[in-house]
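Below, each chain spelled out in residue letters.
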Amino acid sequence: LEEGTILDLRLKYIGDKGVIYLAQCSKLLNLRELKLERNDITDAGVNALVRSTVVTGLKSLSLERNSIGDKGAKLIAQSPNFSLLKVLNFWKNKIGVEGAKAIADSIILTNLERLDLAQNKISDEGGRALAESQTLTALKYVDLFGNGIGKEAQATIKESINFKTLQHLVLE
């Protein structure tokens, strides 16, 4: 594959077994954008990406509409494989407070410019953790819609001094 290649496997239902295959496929060495929306992927599939020695240079990872929970979010947040990520899309998964905290505390995801956690379960506590993050300072776009974040926590997020570069924030 050429440098900067995009692999779009949205709605292919490859599951964890498909992700395990992709993570080992040497032809994906130059992969920069991976779209895996709605593929029945769980934390086990994320674990395969984390352990991959091939898929290590992604700049964009779209995992929306899967079944990834806190464990999967933590795996990504702690894996050097994702240190180049600028875009991380977890829309409509099963990520809760612990996953949001792992992302907020990540020293790996410092290049993130776009974070979509809409339609998860991060609640007030997860939203506040993101707003207080000392490492997610490059964010330009954040979507936290549909996470059960109350008005008080929303105000904290909107007023965060850590989101200096933020241009677009979706809370409702």
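Residues numbered from 1 in each chain as written. Predicted model: local features only at pLDDT ≥ 70, side-chain atom pairs only at ≥ 80, totals over all residues. Heavy atoms only, no water.

Trainee: Sorry if this is basic, but what is going on with the packing of aromatic side chains here?
Mentor: Describing an aromatic ring pair means giving the distance of the ring centres and the angle of the ring planes. All told, the structure shown has zero aromatic pairs when counted by the stated rule. Sitting over the ring of Y141, R114 keeps its end group 3.7 Å from the ring centre. (Phe/Tyr/Trp six-rings, centres within 6.5 Å; stacked < 30°, edge-to-face > 60°. Lys NZ or Arg CZ within 6 Å of the ring centre and 35° of its normal.)

Trainee: Quick question: what am I supposed to make of the environment of A100 here?
Mentor: With respect to the helices and strands, the residue A100 is situated in helix α4 (residues 97–104). With relative accessibility at 0%, the residue A100 sits in the buried group. A sequence separation of twelve residues divides A100 from L112, and the C-alpha atoms of the two residues are 14 Å apart. With sequence-adjacent residues up to four places away left out, A100 is seen in contact with I95, I122, G126 and L130. (Helix = DSSP H or I, 4+ residues; strand = E, 2+ residues; numbered from the N terminus. Buried < 20%, exposed > 50% of the residue type's maximum accessible area, 1.4 Å probe, protein only. Contact = heavy atoms within 4.5 Å.)

Trainee: It is not clear to me how the pattern of salt bridges should be interpreted in this structure. Could you clarify?
Mentor: Tallied over the full model, the rule gives eight salt bridges. Notably, a salt bridge pairs R10 with D8, separated by 2.5 Å at the nearest N-O pair. Taking relative accessible area as the criterion, R10 reaches 37% and is therefore assigned partly exposed. Ionic pairing is found between E152 and R128, a salt bridge with its closest N-O pair at 3.8 Å. On the criterion of sequence distance, the pair formed by E152 in helix α6 (residues 151–158) and R128 in helix α5 (residues 123–131) is long-range, its members being 24 residues apart. Classification of R128 as partly exposed rests on a relative accessible area of 25%. Where salt bridges share partners, they join K86, E113 and K140 into one cluster. (Salt bridge = Lys/Arg side-chain N within 4 Å of Asp/Glu carboxyl O.)

Trainee: Is there a simple way to think about the packing of helix α2 (residues 43–51) against helix α3 (residues 70–78) in this case?
Mentor: Angle between the axes and distance between the axes are the two parameters that describe a pair of packed helices. Between α2 and α3, whose axes approach to 8 Å, the crossing angle comes to 10 degrees. One finds that α2 runs roughly parallel with respect to α3. Judged by residue contacts, D43, V46, N47 and V50 of α2 engage K71, G72, L75 and I76 from α3. Looking at the contact of α2 with α3, its residues break down into four nonpolar, two polar and two charged. (Axes fitted to C-alpha atoms, helices over the stretch in contact; angles between N-to-C directions. Parallel < 35°, antiparallel > 145°, perpendicular 65-115°, else oblique. Nonpolar A, V, L, I, M, F, W, Y, C, P; charged D, E, K, R; others polar.)

Trainee: Help me understand the sheet that holds strand β5 (residues 114–116) in this model?
Mentor: Strands belonging to one sheet form pairs held by backbone hydrogen bonds; the direction of such a pair is parallel or antiparallel. Read across the sheet, seven strands follow the order β1-β2-β3-β4-β5-β6-β7 without closing on themselves; strand pairing throughout is parallel. Looking along the sheet, the strands with just one partner apiece sit at the ends: β1 (5–8) and β7 (168–170). Across the sheet, the axes of successive neighbouring strands diverge by a mean angle of 10 degrees, strand direction being ignored. (Pairing = 2+ DSSP bridges.)

Trainee: For this particular structure, what's the right way to read unusual backbone geometry?
Mentor: The phi torsion at Y13 lies on the positive side, around 50 degrees, for a residue other than glycine. Mapped onto the elements of the fold, Y13 is located in the loop between β1 and α1 (15–24). You will see that K92, though not glycine, has its phi angle at about 60 degrees, which is positive. With respect to the secondary-structure elements, K92 resides in the loop between β4 (87–89) and α4.

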